[in-house]
Structures are given as C-alpha cells and as structure tokens.
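# Overview (structure and organization)
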Amino acid sequence: MRRTTRQRLVRGIFYALFVVIVAAVLLAADWPAIKQNFLDPEVAAQNWPAIITVAAKNTVIYTFIAFIVGLVAGLALALMKLSTVGPYRWLATVYIEFFRGLPALVVIIAFAVSVPIAFSWRPPGGPLGAGLVGLSVVAAAYMAETI
C-alpha cells in the first residue's frame, strides 16, 4: 500500500470515528432537560431586553476599566523592558511573555479560583473583581508589548 493511500485511509478512519463519537454524544444527551434549561422560549422572552442591555453595559464598564489599568501597567512594563537594569528587563519580559502566552480566560479563572486558594487573597468585588483583575493583567501584557 502506498503512503498516500495509507494516509487517506487513516484520515478517513479518524473522520468516521469522529462522526460516531458525535452521534453517540447527541444520542446520549437528555434533550428534554437541555430544552427546559437552555432553549425555553418563554424564559428567553422574559429576559431578552434586560439580558442584552445589562451585558452590554457591563462589557463596556469592564473593558474601560481594564483598558485604563492595563495602559498604566503596560506603560510601566514597557519602560521596565527598555531599562538598562537587567533584572527589570527580565522581569518585564517574563511577565509579558507569560501573560500573552496564556488565554485570557485561563488568567481570569486563575485569579477567581487559584489565587484565592494559593494565597488566601480575595480580590475586591468577588468573582467580578477577579475577572477585572485578570483582564487588566492580560491587557497590561499586550499593551506593554505594543508600546
């Protein structure tokens, strides 16, 4: 058997396996419970205008605050990275590369769950404050690299 034929056969087997797994998951799902909890048009109709306006307002507020905090911290990190003092450069480089390399959602969850457990420190504002701190930390890393 030629190598390309074997690769095509293996790829076809993987596609078929994927289709079987997806079909098994769809068949095993409890569709009435999913409809009741996620696809109920009456609940969606009750919450429709409020959920969009509240979400949009919160998004704008969190984005603005994270942008301002990220800009200030990013400027400090950019100056540290341009410094002639070696440890400042190293610290800024490690911070920037680390937080740019992690997905923002991982950072937000880490500040909401892992940091309070590891350091017994609760961010002000509870989980929403942890999300804001996580967004600010990631924004600072990206803005420092841009500056």
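Our subject is the structure listed above.
Presented here is a report on the structure given in the accompanying data block. (Residues numbered from 1 in each chain as written. Predicted model: local features only at pLDDT ≥ 70, side-chain atom pairs only at ≥ 80, totals over all residues. Heavy atoms only, no water.)

## Digging into the pattern of salt bridges
The cut-off we apply is this: For this document, the term salt bridge refers to a Lys or Arg side-chain nitrogen within 4 Å of an Asp or Glu carboxyl oxygen. Note on conventions: DSSP H or I runs of at least 4 residues are helices, E runs of at least 2 residues are strands, and numbering of each starts at the N terminus.
What the rule picks out here adds up to two salt bridges. Between E145 and K81 there is a salt bridge whose closest N-O contact spans 3.3 Å. Residue E145 is located in helix α6 (residues 126-146), and its partner K81 is located in helix α3 (residues 41-81); the two are separated by 64 residues in the primary sequence. Between R100 and E145 there is a salt bridge, with its nearest N and O atoms 3.9 Å apart. Here the residue R100 occupies a position in helix α4 (residues 86-101), and E145 occupies one in helix α6, the gap between them amounting to 45 residues.

## Observations regarding the packing of aromatic side chains
The line we're drawing: Note on ring pairs: Phe, Tyr and Trp rings are taken, using the six-membered ring of Trp, and paired if centres are within 6.5 Å. Classes follow the plane angle, with under 30 degrees stacked, over 60 edge-to-face and the rest tilted. A simple rule labels every residue: compare its accessible area, found with a 1.4 Å probe on the protein chains alone, to the largest value its type can have, and call it buried under 20%, exposed over 50%, or partly exposed in between.
Under the defined criterion, the tally for this structure stands at two aromatic pairs. Between Y95 and F99, the ring centres sit 4.8 Å apart and the planes meet at 55°, which makes this aromatic pair tilted. On the criterion of helical spacing, the pair formed by Y95 and F99 is a turn pair, its members being four residues apart in helix α4. What makes F99 buried here is its relative accessible area of 14%. Look at F98 and F99: their rings are 5.0 Å apart centre to centre, the planes differ by 80°, and that puts the pair in the edge-to-face class. Looking at F98, the relative accessible area reads 46%, which means it is partly exposed. Three or more aromatic residues joined by ring pairs make a cluster, and in this case those are Y95, F98 and F99.

## A short note on a nonpolar patch on the surface
Using the following cut-off: Excluding any residue in a salt bridge, patches collect residues exceeding 30% relative accessible area, merging like charges within 9 Å and nonpolar Val, Leu, Ile, Met, Phe, Trp and Tyr side chains within 5 Å. Surface accessibility follows the Shrake-Rupley procedure with a 1.4 Å probe radius. Residue values consider only the protein chains on display as shielding.
A surface patch of nonpolar side chains, amounting to about 990 Å² of accessible area, comprises I61, F64, I65, F67, I68, V69, L71, V72, L75, L79 and I147. Looking at the secondary structure, you find I68 in helix α3.

## What about α4?
We apply this condition: Expected helix span is computed as 1.5 Å times (number of residues minus one). Residue contacts follow a heavy-atom distance rule, with two residues in contact if any of their heavy atoms lie within 4.5 Å.
Spanning 16 residues, α4 covers 22 Å between terminal C-alpha atoms, matching the ideal 22 Å at 1.5 Å per step. Within α4, the full set of buried residues consists of G86, A92, I96 and F99. Tucked inside the fold, the buried residues of α4 contact α3, α5 (104-119) and α6.

## A short note on the nonpolar core
Going by this rule: For our purposes a nonpolar core is just a set of buried Ala, Val, Leu, Ile, Met, Phe, Trp, Tyr and Cys residues, chained together by side-chain atoms within 4.5 Å.
Formed by F99, V107, F111, V115, A130, V137, V138 and A141, the largest nonpolar core amounts to eight residues. Listing elements by their share of this core, those giving two or more residues are α5 and α6. Apart from the residues lying within four places of it in its own chain, the contact partners of F99 are V107, V137, V138 and A141. The next biggest cluster of nonpolar side chains, apart from the first, holds five residues, and it includes L77, A92, I96 and A144.

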